[in-house]
Amino acid sequence: MSGQPVPGEQPAPDTPDAPTSDAPPADVPSVDAPVPPSADGTASGGAAAAAPRPRRRRDPLAATLIGVLTLLLGFAFAVQVRSTDTDAQLAGAREEDLVRILDDVTAQEDRLRQQIADQRVALDALGDSDTVAAAALQEAQQRAETLGILNGTLPARGPGLELTIRDPAGLVDVEVLLNTVQELRGAGAETMQIDDVRIGVSSAITGTRGQLAIDGRPLEAPYEVRVIGSPQDMATALNIPGGVATRVGAAEGSLDVVQSDDVVVDALRPLDEPQYAEPADGGGN
């Protein structure tokens, strides 16, 4: 039976014994072996490679925008880092330091508010300069009128007294008239005149009995005195015991006092020019 084929089996082909080596067949290319290029320059066994595209030129405007955006991003990052550092410093500060920082911020805010208020006041003053100038001129005029009345360079009228000092015996002397002026001033007299002579701060009463004079101007009895001030206060001062009324009676004279709501003092005195005094500087030195 040896050498006969078994039914159902294919007879093995008569081939020489194959070598038992693990090396790949000679006609099978290795995976790592380079693929030889074809005659037209393309790789063998594959599709033709695409030709390299030309490099596209970058738009200058796009490059500028990219640069600007980069700078902005860097700036925002720096600000964020600085803010984070400040917050971290404040979070780690002591309570006393936080209170001091808050006080400094509040003080700075107050100074800024005050500066704004000052600037607004200055702006309002500049915008209303005409009104300010008119008000200043009116105030200066009022002060000049007041000084003129007190100095006797302007006429005046108002409530006061009208006095009549009679001297039939000619015994009223300088002391009686001087006491009359002083008592009236002490009772609040603002301005006065005796006969036609205005009384000022430098007025001098001179002469002898029956021949009296004020600032060198002679007087004649009866002596007429007109004075502006509180009528009730001045009348009371003249009639106090040992006062003007008593002294006039001791000189065998009489004193008539009439209170009035409208007394006119129209005698004027020349304004004295100072010989030595002059306006001082505003510094007070």
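Rules and cut-offs
- Residues numbered from 1 in each chain as written.
- Predicted model: local features only at pLDDT ≥ 70, side-chain atom pairs only at ≥ 80, totals over all residues.
- Heavy atoms only, no water.
- Helix = DSSP H or I, 4+ residues; strand = E, 2+ residues; numbered from the N terminus.
- Buried < 20%, exposed > 50% of the residue type's maximum accessible area, 1.4 Å probe, protein only.
- Contact = heavy atoms within 4.5 Å.
- Pairing = 2+ DSSP bridges.
- Axes fitted to C-alpha atoms, helices over the stretch in contact; angles between N-to-C directions.
- Patch = residues over 30% accessible without salt bridge, like charges linked within 9 Å, V, L, I, M, F, W, Y side chains within 5 Å.
- Areas by Shrake-Rupley, 256 points an atom, 1.4 Å probe, with all protein chains shown as cover.
- Salt bridge = Lys/Arg side-chain N within 4 Å of Asp/Glu carboxyl O.
- Arc of directions from axis to C-beta.
- pLDDT = per-residue confidence, 0-100.
- Expected span 1.5 Å × (residues − 1).

**Let's talk about the overall build of the chain**
- Within the chain one finds six helices and eight strands.
- In the chain, the succession of helices and strands from N to C terminus is α-α-α-β-α-β-β-β-β-β-β-α-α-β.
- Counting only residues that meet the buried cut, the chain has 19% of its 285 residues in that class.
- Long-range pairs, those at least 24 residues apart, make up 75% of the contacts in the chain between residues at least 6 apart in sequence.

**A closer look at the sheet that holds strand S3 (residues 197–198)**
- Ordered in space as S3-S2-S7-S1-S8, the five strands form an open sheet in which the pairing is antiparallel. Every interior strand has two partners, whereas the edge strands, S3 and strand S8 (254–265), have only one.
- With 10 bridges joining them, strand S1 (residues 156–166) and S8 adopt antiparallel strand pairing. Counted as the bridge partner of Arg-157 is Val-264 from S8.
- Strand contacts of helix H5 (residues 231–238): S1, strand S7 (223–228) and S8, with the helix running at about 20 degrees to S1, the strand carrying the most contacts.

**Structural notes on a nonpolar patch on the surface**
- A surface patch of nonpolar side chains, about 220 Å² in accessible area, is lined by Leu-98, Ile-101 and Val-105.
- Locating Val-105 in the fold gives a position in helix H2 (residues 95–127).

**As for the pairing of S7**
- As judged from the six bridges shared by S1 and S7, these two strands associate in the antiparallel manner. Bridged to Leu-161 within S7 is Val-227.
- Across four bridges, strand S2 (residues 191–194) lies against S7 in antiparallel orientation. Note on S7: the bridge partner recorded for Ile-194 is Val-225.

**Some remarks on H5**
- Among all positions in H5, only Pro-231, Met-234, Ala-235, Ala-237 and Leu-238 are buried. Seen along its axis, H5 keeps its buried residues to an arc of 160 degrees; they face one direction.

**Quick word on the confidence of the model for the chain**
- The share of residues in the chain with pLDDT of 70 or more is 66%, and the mean pLDDT across the chain is 76.
- For residues 1–35, every residue scores under 50 in pLDDT, and the model assigns this stretch one contact once sequence neighbours within four places are set aside.

**Structural notes on the pattern of salt bridges**
- Overall, the coordinates contain six salt bridges when judged by the stated rule.
- The partner of Asp-256 in a salt bridge is Arg-166, with the nearest N and O atoms 2.0 Å apart. Within this pair, whereas Asp-256 is found in strand S8, its partner Arg-166 is found in strand S1, the two being separated by 90 residues in sequence.
- The partly exposed category is assigned to Asp-256, whose relative accessible area is 32%.
- The class of Arg-166 is partly exposed, set by a relative accessible area of 38%.

**Overview of helix H4 (residues 174–186)**
- For H4, with 13 residues, the first-to-last C-alpha span of 18 Å sits near the 18 Å given by 1.5 Å per residue.
- Within H4, burial applies to Val-176, Leu-177, Asn-179, Thr-180, Val-181 and Leu-184.
- Trailing H4 by a residue or two, Gly-188 shows a phi angle of about 105 degrees, which is positive.

**Details of the sheet that holds strand S5 (residues 211–214)**
- Taken in spatial order, the three strands of this open sheet run S4-S5-S6, and their pairing is antiparallel. Sheet topology places strand S4 (205–208) and strand S6 (217–218) at the edges, where each strand pairs with a single neighbour.
- Where S4 and S5 come together, four bridges link them in antiparallel fashion. Bridge assignment links Thr-206 to a residue of S5, and that residue is Ala-213.
- The strands touched by H4 are S4 and S5; relative to S4, the strand with the most contacts, the crossing angle is about 160 degrees.

**Comments concerning the environment of Pro-270**
- Tracing the backbone shows Pro-270 in the segment after S8.
- Owing to a relative accessible area of 63%, Pro-270 belongs among the exposed residues under this scheme.
- Between the C-alpha atoms of Pro-270 and Thr-153, which are 117 residues apart in sequence, the distance is 6.4 Å.

**Topic: the side chain of Asn-179**
- Topologically, Asn-179 is positioned in helix H4.
- Residue class for Asn-179 comes out buried when judged on its relative accessible area of 18%.
- Beyond its immediate chain neighbours, meaning those up to four positions away, Asn-179 contacts Val-244 and Arg-247.

**Here's the deal with unusual backbone geometry**
- Between Ala-221 and the following residue, Pro-222, the backbone shows a cis peptide bond with an omega angle of -5 degrees.
- Considering the arrangement of structural elements, one finds Pro-222 in the loop between S6 and S7.
- At Asp-195, a residue that is not glycine, the phi angle is positive and equals roughly 55 degrees.
- Of note in the backbone geometry, Glu-252 takes a positive phi value of approximately 60 degrees without being a glycine.
- Along the polypeptide, Glu-252 turns up in the loop between helix H6 (244–250) and S8.
- Judged by its relative accessible area of 53%, Glu-252 is exposed.

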